[in-house]
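# Remarks on the overall topology
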Amino acid sequence: MKKYKNFETNAVRIQTERSGHREHTAPIYATSSFVFEDAEQARAMFADEISGNIYTRFSNPNNDEFIEKLCALEGTEDGMAMASGMAAMFISMAAFVKSGDHIVASRSLFGSTHQVLTQILPRWGVSHTYVDIHDLEGFEKAIQPNTKMLFVETPSNPGIDLIDIEYLAKLANAHDLILNVDNCFATPYLQNPAELGAHLVTHSATKYIDGQGRTIAGAVLGTKELIKEVRFLARHTGPALSPFNGWILSKSLETLPVRMEKHSENALKLAEWLETQADVLQVKYPFLKSHPQYELAKKQMRLGGGIITFEIKGGIERGRKFLDALEMLSFTANLGDTRSIATHPASTTHSKLAEEERQAVGITPGLVRISTGLEHIDDIIADIEQAIAQSKN
Ligand SMILES: *Cc1c(COP(=O)(O)O)cnc(C)c1O
């Protein structure tokens, strides 16, 4: 597929070869398998001597279009589409570890990724060490002779803390480790971990890549050499993306640049407004000057993205009342949608953690997370303003 010089053009124009029907948009290749022209072609494809589609668990034109685009946008050589972000996270780890190996990870991780590291991989003898996301030197100290991978998310969920990808890439290279970065919050439009030295870039495409709350999907991207291992594990264990979702996601990527610009513009306006509110204690957003890592955000991100957190005065009770008082914002377990979404981690996603565990990843009792959508900013602010006022009583 032909590549162009600029991000926006690749997002729109990378396309599967047209069929004889001269379609403008790629059709959905809803087929389980592909027909061989003859016995020799079948033999050569199975032997990996020539490339081509065999079976949709292995590859499919819609998923290939999605992945070729995503690789062009991230600056990676190769990749594989997955049925969910968690399939991507799990396969991207499992493909590179065996019993007795070790992974060093930032403590600030998505909930299910935390379960994979603490509950699932240990069943096969793979251990891990967590490091505080702010303790850069701690990453080096945590490396053991059997360490194979560094795994981080930046910005983190829901703490909105950042980590210096370039620093970690140098560390990984010095110790012959794979640096794996979950780039879900930033998307390739705002941050390109591979260009900063990361070896693997993982995505939950469910979030901003789809951007409209319609699908569950993921992707693992990286060098040809690493993706070969990912592909081997994925082809034979089956986390394949459905062609229908691959088609949706390729179309979604066409609008990623304009959506991320607007999400970021709305989020910055909302964050600046929140900072002026008396009942709001602390606002966290990468492109706010008050963010402790504002300089790093400017260095490794193009814009701040759509996610903001703030601490509402009055703790856990006020946080719950605030959510109940919202009239327009959605209360749902997703983010990166066109619709603004509010969540209260302490009473929902992180309610099972002990208070100290929540504090360790920056989840205070009144912490509210907003995924700023694409509605008019005045309507978003108006809803939050009335909910802050109402939740006082
Ligand atoms: C949602 C999310 C995931 C998991 O993705 P799914 O598509 O829900 O499986 C992983 N990492 C981060 C940072 C996420 O926000």
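Scroll up for the structure.
Residues numbered from 1 in each chain as written. Predicted model: local features only at pLDDT ≥ 70, side-chain atom pairs only at ≥ 80, totals over all residues. Heavy atoms only, no water.

## Comments concerning the site of the ligand
Neighbouring the ligand are 13 residues, the closest being Met-86, Asp-182, Ser-204, Thr-206 and Lys-207. At 2.9 Å from an oxygen atom of the ligand is found a main-chain nitrogen or oxygen belonging to Gly-85. The fraction of the free accessible surface of the ligand (380 Å²) that becomes covered by protein chains is 92%. Looking at which element gives the most residues to the shell around the ligand, the answer is helix α4 (residues 85-94), with three residues. When the residues that make up the shell around the ligand are grouped by side-chain class, the tally is six nonpolar, four polar and three charged. (Near = heavy atom within 4 Å. Polar contact = N/O pair within 3.5 Å; in protein donor to acceptor, adjacent residues only side chain to side chain. Areas by Shrake-Rupley, 256 points an atom, 1.4 Å probe, with all protein chains shown as cover. Helix = DSSP H or I, 4+ residues; strand = E, 2+ residues; numbered from the N terminus. Nonpolar A, V, L, I, M, F, W, Y, C, P; charged D, E, K, R; others polar.)

## Digging into the packing of helix α11 (residues 256-275) against helix α15 (residues 377-390)
As a packed pair, α11 and α15 sit with axes 10 Å apart at the nearest point and diverge in direction by 35°. Crossing geometry of α11 relative to α15 is assigned as right-handed. Judged by residue contacts, Asn-266, Lys-269, Leu-270, Trp-273 and Leu-274 of α11 engage Ile-377, Ile-380, Ile-381, Ile-384, Glu-385 and Ile-388 from α15. (Axes fitted to C-alpha atoms, helices over the stretch in contact; angles between N-to-C directions. Left-handed = near helix turned anticlockwise from the far one by under 90°. Contact = heavy atoms within 4.5 Å.)

## Notes on the sheet that holds strand β4 (residues 147-153)
Taken together, the seven strands give an open sheet; going across it, the order is β1-β7-β6-β5-β4-β2-β3, and neighbouring strands pair in mixed fashion. The open sheet is flanked by β1 (78-82) and β3 (127-131), the only strands paired with a single partner. Strand-to-strand twist in this sheet, taken as the mean axis angle between neighbours without regard to direction, amounts to 20°. Strand direction decides the pairing type here: β1 and strand β7 (residues 218-222), joined by five bridges, are antiparallel. (Pairing = 2+ DSSP bridges.)

## Regarding helix α7 (residues 165-174)
When we look at burial in α7, the residues that qualify are Ile-165, Leu-168, Ala-169, Leu-171 and Ala-172. For α7, the arc enclosing every buried residue in end-on projection is 165°, short of the 170-degree limit, so these residues lie on one face. In this structure, α7 carries Lys-170, Asn-173 and Ala-174 as exposed residues pointing more than 90 degrees from its buried face. On its buried side, α7 packs onto α6 (136-142), β4, β5 (178-182) and α12 (294-300). Where α7 begins, one side-chain oxygen reaches toward the backbone nitrogen of Glu-166, 3.2 Å away; that side chain belongs to Asp-164. One or two steps after α7, the chain reaches Asp-176, where phi turns positive at roughly 60°. (Buried < 20%, exposed > 50% of the residue type's maximum accessible area, 1.4 Å probe, protein only. Arc of directions from axis to C-beta.)

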